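Next come the chains, spelled out residue by residue.
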Amino acid sequence: MTPATRQAVLGLYRRVMRIAKTWQSASGQTEETMREKEYIRNEARTLFRKNRNVTDPKLIKQCIEECEARIEIGLHYNIPYPRPIHLPPMGLAHKQGRTLRHQEKLRKISKPIYLKSHDEVS
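The shown structure was predicted, so the numbers you read here are calculated from the model rather than taken from an experiment.

Participant: Would you take a moment to explain the packing of helix α1 (residues 3–22) against helix α3 (residues 57–77) for this structure?
Facilitator: Each pair of packed helices can be described by the angle between their axes along with the distance between the axes. Running from amino to carboxyl end, α1 crosses α3 at an angle of 25°, the nearest separation of the two axes being 11 Å. Considering their axes alone, α1 and α3 lie roughly parallel with respect to each other. For α1 against α3, the interelement crossing comes out left-handed. Residue-level contacts link T5, V9, L12, R15, V16 and I19 of α1 to I60, I64, C67, E68, I71, E72 and L75 of α3. Grouping the constituent residues of the contact of α1 with α3 by class yields nine nonpolar, one polar and three charged.

Next comes the structure, spelled out in structure tokens:
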């Protein structure tokens, strides 16, 4: 990891922790706010620790983009949890002879960047 990349990753981590510190839930309830703050901190720690040993520059860039996307979506919608996608099981375009395995591959490819690591951790 280059020093510039390391600085960018550490900056993102600090930004997430600052957001968690000042987070206010949409409902304004104290218990819900505390739960959401704890979720943000735990999710960040888990994902950053999981990706600590990543050395591939493309994968590092993808992780940084995912983190930035999740921050922006969380702040915009005021929810810390990843927004789910709603695709019916066989809802992608059909060609004659496509199998379920091919549909699963298409679903994986069509998954938004902010959800790439969500299923792996949850």
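Participant: How should I be thinking about the nonpolar core in this particular structure?
Facilitator: Nonpolar side chains in soluble globular proteins generally cluster together in the buried interior. Residues L12, V16, I40, C67 and I71 are the most contacted members of the largest nonpolar core, which totals 13 residues. Residue assignment for this core shows that the elements contributing at least two residues are α1, α2 (30–50) and α3. Leaving out residues up to four positions away in the same chain, I40 has contacts with V16, A20, W23 and P80.

Participant: How should I be thinking about the packing of aromatic side chains in this particular structure?
Facilitator: Working definition: an aromatic ring pair is given by the centre-to-centre distance plus the angle between the planes. Applying the stated criterion across every chain, the model contains two aromatic pairs. Both rings, one in Y13 and one in F48, keep their centres 5.0 Å apart while their planes meet at 75°; by these two values the pair is edge-to-face. With Y13 in helix α1 and F48 in helix α2, the pair connects residues that are 35 residues apart, well separated along the chain. Y13 sits in the partly exposed class, given a relative accessible area of 27%. Taking the centre distance of 4.6 Å and the plane angle of 55° together, the rings of Y39 and Y81 count as tilted. With Y39 in helix α2 and Y81 in the loop between α3 and α4 (100–109), this pair connects stretches of sequence that are 42 residues apart. You can call Y81 partly exposed: its relative accessible area is 36%.

Participant: Before we go on, may I ask you to explain the pattern of salt bridges in this structure?
Facilitator: Oppositely charged side chains may form a pair once their charged atoms are brought near each other. Under the definition given, this model contains five salt bridges. With its nearest N and O atoms 3.0 Å apart, the salt bridge here joins R15 to E72. Residue R15 is found in helix α1, and its partner E72 is found in helix α3; the two are separated by 57 residues along the sequence. The shortest N-O distance in the salt bridge between E38 and R41 comes to 3.2 Å. Of the two residues, E38 and R41 both sit in helix α2, three residues apart, roughly one turn of that helix. With relative accessibility at 34%, the residue E38 sits in the partly exposed group. Given a relative accessible area of 21%, R41 falls into the partly exposed group. Through salt bridges with shared partners, a single ionic network connects E43, E66 and R70.

Rules behind the numbers
- Residues numbered from 1 in each chain as written.
- Predicted model: local features only at pLDDT ≥ 70, side-chain atom pairs only at ≥ 80, totals over all residues.
- Heavy atoms only, no water.
- Axes fitted to C-alpha atoms, helices over the stretch in contact; angles between N-to-C directions.
- Helix = DSSP H or I, 4+ residues; strand = E, 2+ residues; numbered from the N terminus.
- Parallel < 35°, antiparallel > 145°, perpendicular 65-115°, else oblique.
- Left-handed = near helix turned anticlockwise from the far one by under 90°.
- Contact = heavy atoms within 4.5 Å.
- Nonpolar A, V, L, I, M, F, W, Y, C, P; charged D, E, K, R; others polar.
- Core = buried A, V, L, I, M, F, W, Y, C linked by side-chain atoms within 4.5 Å.
- Buried < 20%, exposed > 50% of the residue type's maximum accessible area, 1.4 Å probe, protein only.
- Phe/Tyr/Trp six-rings, centres within 6.5 Å; stacked < 30°, edge-to-face > 60°.
- Salt bridge = Lys/Arg side-chain N within 4 Å of Asp/Glu carboxyl O.

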